[in-house]
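Working through the structure, step by step
The chain contents come next:
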Amino acid sequence: MMWRNKAVSDTYEPGSVFKVFTAAAGLEEGVVTVDTTYNCVGAIQVADNRINCHKHEGHGVQTLEQGLMNSCNVTFISLGLGIGKDSFYTSFDKFGYLDKTGIDLPDEGRSIMHTYDNLGVVELATSAFGQNFKITAIQHIAAVNAVVNGGTGRRAKLSYVSN
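Everything quoted here is computed from the prediction, not taken from an experiment.

**Digging into the overall build of the protein chain**
Secondary structure summary: the protein chain contains six helices and eight strands in total. When the elements of the protein chain are put in sequence order from the N terminus, they spell out α-β-α-β-β-β-β-α-α-α-β-α-β-β. Computed over C-alpha atoms, the radius of gyration of the protein chain comes to 16 Å, within 12% of the 15 Å expected from 2.2 N^0.38 for 163 residues, which places it in the range of a compact globule. With the C-alpha coordinates aligned to their principal axes, the bounding extent of the protein chain is approximately 50 × 35 × 30 Å.

Here is the structure:
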C-alpha cells in the first residue's frame, strides 16, 4: 500500500483562504490600502454574470480589513478586478502557485490554473476569492508564509510589509 500525502499531492479549490493572497497582491500593487472601502450589496455584476457574496443581504460599506474579516466575496471581486489580469497573474506566479514547491516529499502535485490567455474578467473575479482554480495545500502554505514572514519566500519579495 502506497502512502499518499494529500497536502502535497492533491489539489483543491482554496476558497476564502485565498483572500489573503488577493489582499497581499492588492497591497503590493498599491491598488488598495487597509482603509480602502468597498460596498457589498450582496452580489456584483461581472460581464454577463451575477456573482453572489455568501451574505446575500450584503455587508454594506467596509474597509479591506473588514472585508477580510467578513470574508466578503464582493470586496475581493472588486479588488481582483482593480488589480487587473496582468498584475494578478504575475503575483500568482511570484507567490509560486504556478510551480511545484520542490518539497522533499514524493508525488508533489501542481496547480490547475487558467492560462494567462484564458483568464477573462469572470475568471479573474472568481479567482480573486479562491474559486475556479485549484492549488495544493503545500503551495498555499508556502505562499502564506511569504505574506507573514516579512515578504520573502518562493519568488515573492513584497514591499508593503516593511511600510
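Additional details are given in the paragraphs that follow.
**Observations concerning the packing of aromatic side chains**
As enumerated under the stated definition, the model contains 13 aromatic pairs in all. Centroid distance Phe18 to Phe92: 6.0 Å. Interplanar angle 50 degrees. Geometry classified as tilted. Taken together, the residues span a long stretch of sequence, with Phe18 in the loop between strand S1 (11–12) and helix H2 (19–29) and Phe92 in helix H4 (residues 73–94) at a distance of 74 residues. No difference in accessibility class separates Phe18 from Phe92, as the two residues are buried.

**As for helix H5 (residues 121–128)**
Along H5, the residues classified as buried are Leu124, Ala125, Thr126, Ser127 and Ala128. As for H5, its buried residues are in contact with H2, strand S3 (43–46), strand S4 (49–52) and H4. Directly after H5, the chain includes Gly130, whose backbone phi takes a positive value near 90 degrees.

**Quick notes on the pattern of salt bridges**
Here the structure, examined in full by the defined rule, presents one salt bridge. As a salt-bridge pair, Asp10 and Arg4 come within 2.5 Å of each other at their nearest N and O atoms.

**Digging into the environment of Tyr12**
Looking at where Tyr12 falls in the secondary structure, it is placed in strand S1. Judged by relative accessible area, Tyr12 falls into the partly exposed class, the value being 30%. Note: C-alpha distance between Tyr12 and Ala146 (134 residues apart in sequence) is 20 Å. Discounting chain neighbours no more than four positions away, the residues touching Tyr12 are Phe133, Lys134, Ile135, Thr136, Ala137 and His140.

**Digging into the state of the cysteines**
In this structure the tally under the stated criterion is zero disulfides. Free of any disulfide, Cys40 has its nearest cysteine sulfur in Cys72, 3.6 Å distant. The exposure class of Cys72 is buried, given its relative accessible area of 0%.

**Some remarks on the nonpolar core**
Phe21, Phe88, Phe92, Phe95 and Tyr97 are the most contacted members of the largest nonpolar core, which has 35 residues in total. Secondary-structure elements contributing two or more residues to this core are H2, strand S2 (37–40), S3, H4, H5 and helix H6 (137–148). In terms of residue count, H4 provides more of this core than any other element does, eight residues in total. Filtering out sequence-adjacent residues up to four positions away, Phe88 remains in contact with Phe18, Phe21, Thr22, Ile83, Met113, Leu119, Leu124, Ser127 and Ala128.

Reading guide: rules and limits
- Residues numbered from 1 in each chain as written.
- Predicted model: local features only at pLDDT ≥ 70, side-chain atom pairs only at ≥ 80, totals over all residues.
- Heavy atoms only, no water.
- Helix = DSSP H or I, 4+ residues; strand = E, 2+ residues; numbered from the N terminus.
- Rg over C-alpha atoms; globule rule 2.2 N^0.38 Å.
- Phe/Tyr/Trp six-rings, centres within 6.5 Å; stacked < 30°, edge-to-face > 60°.
- Buried < 20%, exposed > 50% of the residue type's maximum accessible area, 1.4 Å probe, protein only.
- Contact = heavy atoms within 4.5 Å.
- Salt bridge = Lys/Arg side-chain N within 4 Å of Asp/Glu carboxyl O.
- Disulfide = S-S within 2.5 Å.
- Core = buried A, V, L, I, M, F, W, Y, C linked by side-chain atoms within 4.5 Å.

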